[in-house]
Amino acid sequence: MKSALSAFFGIAAFAFGLFAAADVIQTQESDIWEGLEADLTKISIRNDILTLRFKIRNTGDDSQTVEFYFKDCYVIDPTNQKKYFPLKDSEGQYIAGPKEKEWEGGRYHFYIGSGSSSGFWVKFPVPADNPEAIDINIPGFFPFEEVPLN
Amino acid sequence: MRAKTILCLCVFSLLLFWSGRASPLFALEEEEITIPPEAHQKAIEALKALGPGRGALELTYKVLTIEGITRGLTARIEKIQAALKELGAEETETDYRIELPGDILFDFDKWTIRKDAEETLSKVGEVISAYQHPVIITGHTDSKGSESYNLELSKKRAESVKQWLVDQAGIDSKRIETMGKGESEPVAPNTNPDGSDNPEGRQKNRRVEIRIRKN
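Before going into details, it helps to say that this report is about the structure given with it. On a predicted model such as this, the values are computed, not experimentally measured, just so you know.

### Some words on the side chain of Thr138 of chain B
Mapping Thr138 of chain B onto the fold places it in strand β4 (residues 135-140). When neighbours within four sequence positions are excluded, Thr138 of chain B is seen to be in contact with Ala158, Met179, Lys181, Arg207, Val208 and Glu209 of chain B.

### Let's talk about helix α6 (residues 118-130) of chain B
With 13 residues, α6 of chain B should cover 18 Å at 1.5 Å per step; its first-to-last C-alpha distance of 18 Å lies within 8% of that length. Looking at α6 of chain B, one finds that the buried residues are Leu121, Lys123, Val124, Gly125, Val127 and Ile128 of chain B.

### A short note on the pattern of salt bridges
Residues and elements named next belong to chain A. In this structure the tally under the stated criterion is 22 salt bridges over all chains. Of the charged contacts in the structure, one is a salt bridge between Glu37 and Arg57, with a shortest N-O distance of 2.8 Å. One end of the pair, Glu37, is in strand β2 (residues 36-46); the other, Arg57, is in strand β3 (residues 49-58), with 20 residues separating them in the sequence. For the salt bridge of Asp129 with Lys82, the shortest nitrogen-to-oxygen distance reads 3.0 Å.

### Structural notes on the sheet that holds strand β1 (residues 26-29) of chain A
Strand order in the open sheet formed by five strands is β1-β2-β3-β9-β7 (chain A), with antiparallel pairing between adjacent strands. Two strands in the sheet have a free side with no partner beyond their single neighbour: β1 and β7 (96-97) of chain A. Bridge count between β1 of chain A and β2 of chain A: four bridges; the pairing is antiparallel. Across the sheet, the residue bridging to Gln28 of chain A is Ala38 of chain A, located in β2 of chain A. Helix α3 (residues 38-50) of chain B rests against β2, β3 and β9 (117-125) of chain A of the sheet, and its axis sits at about 35° to β9 of chain A.

About the criteria used
Residues numbered from 1 in each chain as written. Chains lettered and ligands numbered in written order. Predicted model: local features only at pLDDT ≥ 70, side-chain atom pairs only at ≥ 80, totals over all residues. Heavy atoms only, no water. Helix = DSSP H or I, 4+ residues; strand = E, 2+ residues; numbered from the N terminus. Contact = heavy atoms within 4.5 Å. Expected span 1.5 Å × (residues − 1). Buried < 20%, exposed > 50% of the residue type's maximum accessible area, 1.4 Å probe, protein only. Salt bridge = Lys/Arg side-chain N within 4 Å of Asp/Glu carboxyl O. Pairing = 2+ DSSP bridges. Axes fitted to C-alpha atoms, helices over the stretch in contact; angles between N-to-C directions.

Function cannot be read off these values alone, since they describe shape.
This is the structure:
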């Protein structure tokens, strides 16, 4: 029975780790906020629209206030040397969220306590030349490079 | 029996974690990044408005050469080369040798630099400035007059050239060494074979030699 329990917990831990790892496409550390890491958690493409989801995790001991404007996010098609910005609605607001303020097309502004996390999403056009991979830049974090689109 | 228990526990654990991902515990993160349903339609309209280029900006970069410095250096080198040519400088492995006629630099029996000579000496100054190495200025005379007098005159003339270069061309005086050779090193005969005067030869012997070390 003892060995059965060990096996149970072992497999459980393995299964948990497997699912947890599968959640993240790429992680980048912040170059501004100590202890923060951004996970690119999901990429979806529909109607030539690229939707990116991120989760910002605070792995540090101190709380952090994260703030950036969506206008400063962009995607690069490194093969064709082109840069794409988030899509904007008819009112000039970036199609991204959650947004705290409306000016400058909206900004992400969250207080993230130690051990906590917060997510956001952004919609971009799929690069016109359909590259196999892109680079993604989020203010305050090192760039996500060679992110496959397939 | 034991194997069945282990298998059941494993299946149970997988189900537990699979279902747990949809439970409120995990859904909390999902809720944070819920995308409003209308966002996609807005995005489609935004994409249409962008046209075929999709709002892309071309990434451009420039390779900038430090043109100012390059241009400045090139111009300076060309100027120095031109000056050397005009001065009739002779280049050896170790130095540049410039020979200036004494009659251009000085009036007869004088060691004061003539006004007309300043343009020539300015060019010498440019060349000396281009190299940070020692310079030797040597005065020579013809054979007219006593040997000791000519030696002294040649020293004074070499010293005058040095002083002009220090005062007018801003050359560090420590870089320049002077010497006088008097009439001891003629480059042409002072007299003809029949013993008569050779003015052309003497004119060539009245000179100041400037050696600029290249390293």
